[in-house]
Amino acid sequence: MSQASSTTQKVGLAAWAALLALQLLWYTLYPPVSIPTWVAFALTVPPLLLPLLSLPNVTRALLWVGILALFYFCHGVSEAWSSTADRWLAVVEIVLTLLLIGTLGVGVRRRR
């Protein structure tokens, strides 16, 4: 593993952890109005924990998180568009998901 890919993986893992922490912070600071808070946690936190099953293979774990990040990106965009109180959390979510997807793009190598 080269130093660049190791650094990229570390950035990806940090963005993954930050996205997980953001979900916990978001629904603690701004509980949802239309559904119980536990339902919001049940919908947003477990999908981010699933890639832990493939964590020994960091590249595969980051791939799964990158795929899941598309859902969180859409969530961030919709919240940034429609909500004013927690817009800053939505922007952070968008940045973290783009960082995750970007680390996947950097980690891809072309086959000869």
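Predicted, not measured: the structure shown is a model, and the values here were computed from it.

What to know about the packing of aromatic side chains
The description of an aromatic ring pair uses the distance of the two centres, along with the angle that the planes make with each other. Taken as a whole, this structure holds 3 aromatic pairs when the rule is applied. For the ring pair Phe71 and Tyr72, a centre distance of 4.9 Å and an interplane angle of 80° mean the geometry is edge-to-face. A residue is classified by how much of its surface remains accessible, and Tyr72, at 1% relative accessible area, is buried. Three or more aromatic residues joined by ring pairs form one cluster here, namely Trp26, Tyr27 and Phe41.

Focus on the environment of Val58
Tracing the backbone shows Val58 in helix α4 (residues 58–82). Distance from Val58 to Val33, taken between C-alpha atoms, is 37 Å for residues 25 residues apart in sequence. Beyond its immediate sequence surroundings of up to four residues, Val58 is in contact with Gln9 and Leu13.

Re α4
The terminal C-alpha atoms of α4 lie 35 Å apart, and with 25 residues this matches the ideal 36 Å at 1.5 Å per residue to within 8%. A maximum bend of about 30° is found in α4 at Leu68.

Brief notes about the layout of surface pockets
Of the pockets and cavities examined, the second largest pocket occupies roughly 160 Å³. Together, Trp26, Tyr27, Tyr30, Pro31, Pro32, Val33, His75, Glu79 and Asp86 line the second largest pocket. Secondary structure elements with two or more residues in the lining of the second largest pocket: α1 (3–29) and α4. Looking at the lining of the second largest pocket residue by residue, the classes come out as 6 nonpolar, 1 polar and 2 charged.

A look at the side chain of Asp86
By the secondary structure assignment, Asp86 is in the loop between α4 and α5 (87–107). Despite its burial, Asp86 pairs with no opposite charge; the closest candidate is Arg87, at 7.3 Å N-O. Side-chain polar atoms of Asp86 contact the side chain of Ser83, separated by 2.2 Å. If near-sequence neighbours (up to four positions away) are discounted, Asp86 is found in contact with Trp26, Tyr30 and Glu79.

Digging into a nonpolar patch on the surface
Among the surface-exposed residues, Leu25, Leu29, Trp88 and Val92 lie close enough to one another that they form a single nonpolar patch of about 350 Å² accessible area. Structurally, Leu25 can be placed in helix α1.

A look at the environment of Val65
Here Val65 lies in helix α4. When its relative accessible area of 1% is taken as the criterion, Val65 is described as buried. Counting along the chain gives 58 residues from Val65 to Thr7, while the straight-line C-alpha distance between them is 17 Å. Discounting residues that sit within four places of it in the chain, Val65 has contacts with Trp16, Pro51 and Leu100.

About the criteria used
- Residues numbered from 1 in each chain as written.
- Predicted model: local features only at pLDDT ≥ 70, side-chain atom pairs only at ≥ 80, totals over all residues.
- Heavy atoms only, no water.
- Phe/Tyr/Trp six-rings, centres within 6.5 Å; stacked < 30°, edge-to-face > 60°.
- Buried < 20%, exposed > 50% of the residue type's maximum accessible area, 1.4 Å probe, protein only.
- Helix = DSSP H or I, 4+ residues; strand = E, 2+ residues; numbered from the N terminus.
- Contact = heavy atoms within 4.5 Å.
- Expected span 1.5 Å × (residues − 1).
- Bend = angle between axes of the 7 residues up to and from the residue.
- 1 Å grid on protein atoms, 1.4 Å probe; cavity = no way out; pocket = protein on both sides within 12 Å on 5 of 7 lines; lining within 4 Å.
- Points joined across faces, edges and corners; volume = space filled by probe spheres on them.
- Nonpolar A, V, L, I, M, F, W, Y, C, P; charged D, E, K, R; others polar.
- Lys, Arg positive; Asp, Glu negative; His and termini not counted.
- Salt bridge = Lys/Arg side-chain N within 4 Å of Asp/Glu carboxyl O.
- Polar contact = N/O pair within 3.5 Å; in protein donor to acceptor, adjacent residues only side chain to side chain.
- Patch = residues over 30% accessible without salt bridge, like charges linked within 9 Å, V, L, I, M, F, W, Y side chains within 5 Å.
- Areas by Shrake-Rupley, 256 points an atom, 1.4 Å probe, with all protein chains shown as cover.

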